[in-house]
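# Analysis of the macromolecular model
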Amino acid sequence: MPLEEDVKQDVRKWSELFLEVPNTHLGGFPACPFAKKTWTDNKVLVEVKRKHKWYKSELNGHIRQLDFNVHELLIFCDPYFNYSLEDFQTVIDEYNAWYNKKDIFFMGFHPNNPANEEEQEFLVTPNGDTPIIEDGLNYSMMLAQKFSQLQEASDKLHKAGYYDKWPKGYYQDVVVSRAKTYKRIFGGQYDG
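Fair warning: this is a prediction, and the values are worked out from it, not measured in the lab.

## Looking at the packing of aromatic side chains
Here the structure, examined in full by the defined rule, presents 19 aromatic pairs. When the centroid spacing of 5.2 Å and the interplanar angle of 70° are considered together, the rings of Tyr55 and Phe76 count as edge-to-face. One end of the pair, Tyr55, is in helix α3 (residues 55–65); the other, Phe76, is in strand β2 (residues 73–78), and 21 residues separate them in sequence. We classify Tyr55 as buried; its relative accessible area is 11%. The class for Phe76 is buried, based on a relative accessible area of 0%. Here a set of aromatic residues connected by ring pairs shows up, and it is made of Phe29, Tyr162, Tyr163, Trp166, Tyr170 and Tyr171.

## Some thoughts on the sheet that holds β2
With mixed pairing, 4 strands are arranged side by side in an open sheet as β1-β2-β4-β3. What marks the edges here is a single partner per strand, and that holds for β1 (44–48) and β3 (104–109). Each strand axis lies, on average, 20° off the axis of its neighbour in the sheet, ignoring direction. In terms of strand pairing, β3 meets strand β4 (residues 140–146) through 6 bridges, oriented antiparallel. The partner of Gly108 across the bridge, within β4, is Met142. Relative to β1, helix α1 (residues 2–19) is tilted by about 140°, and along the sheet it contacts β1, β2, β3 and β4. Across the sheet, helix α6 (residues 147–159) lies against β3 and β4, angled at about 85° from β4, the strand it touches most.

## Comments concerning the pattern of salt bridges
A side chain of one charge can pair with a side chain of the opposite charge if their charged atoms are brought near each other. For the structure on display, the rule yields 8 salt bridges. We note a salt bridge from Glu4 to Lys8, for which the minimum N-O separation is 3.2 Å. Linking Glu4 with Lys8, this pair stays in helix α1, spanning 4 residues, or about one helical turn. A salt bridge links Lys156 to Glu152; its shortest N-O distance comes to 3.7 Å. Of the two residues, Lys156 and Glu152 are both situated in helix α6; the distance of 4 residues between them amounts to about one turn of the helix. A relative accessible area of 52% means that Lys156 is categorised as exposed.

Reading the values: the criteria
Position numbers for residues start from 1 in each chain and track the written sequence from start to end. In keeping with the predicted nature of the model, local features appear solely for residues at pLDDT of at least 70, side-chain atom pairs appear and are counted solely at 80 or more, and the whole-chain, interface and lining totals rest on all residues. To obtain the side-chain values, all non-hydrogen atoms of the structure were used and water was disregarded. Classification of ring pairs rests on two measures: the distance between centres of Phe, Tyr or Trp rings, Trp counted by its six-membered ring, which must be within 6.5 Å, and the angle between planes, read as stacked under 30 degrees, edge-to-face over 60 and tilted in between. Each helix corresponds to a stretch of at least 4 residues labelled H or I by DSSP, and each strand to a stretch of at least 2 residues labelled E; elements are numbered beginning at the N terminus. Between buried and exposed lies partly exposed: a residue is buried under 20% and exposed over 50% of the maximum accessible area for its type, with that area taken using a 1.4 Å probe on protein chains only. The rule for pairing is simple: two strands pair if DSSP sees at least two bridges between them. Axis definition: a line fit to C-alpha positions, over the contact stretch in the case of helices; interaxial angles, taken between N-to-C directions, run 0 to 180 degrees. Residues count as neighbours in contact if any of their non-hydrogen atoms are within 4.5 Å of one another. What makes a salt bridge here is a side-chain nitrogen of Lys or Arg within 4 Å of a carboxyl oxygen of Asp or Glu, nothing more.

These figures capture arrangement, not role.
Here is the structure:
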């Protein structure tokens, strides 16, 4: 299936160009400091939704088969998306409401809400220049990973000063809200 391979290659290229490179806006930290090693260790599983299949049914099947001892991250891509950003966010929220207590955290990226230089410059221009994107593939991405592992990694990055240069609003929306949810479910107080 050529589209499936194209999407998988595009996801890999996105990680290489935007997430893994030293980021000038983050004091030299990559946007995702663990991405390169996770890919190198073959711990990323990229799955592509099949045409004419139900989104949740396909995603649920992949989640049921997901073994965090084998793969640390599932990226579920949908090149056939026809849902709004709001509907997609509702699905993310539903999955988090159900799976967070089972130690799985979800986040997503919708093609109608790409990162922009005004709010997330570090995600758009990691080295100061916008990387050239050649393909124009459009697909949504749902990322699923072990919540405790994500929070532990985030806590280490916090201590290393990684978040010091993040935009404050983005930091609050992503890191603080996730940490508060984790502490509420698994105990303790959020101290960030």
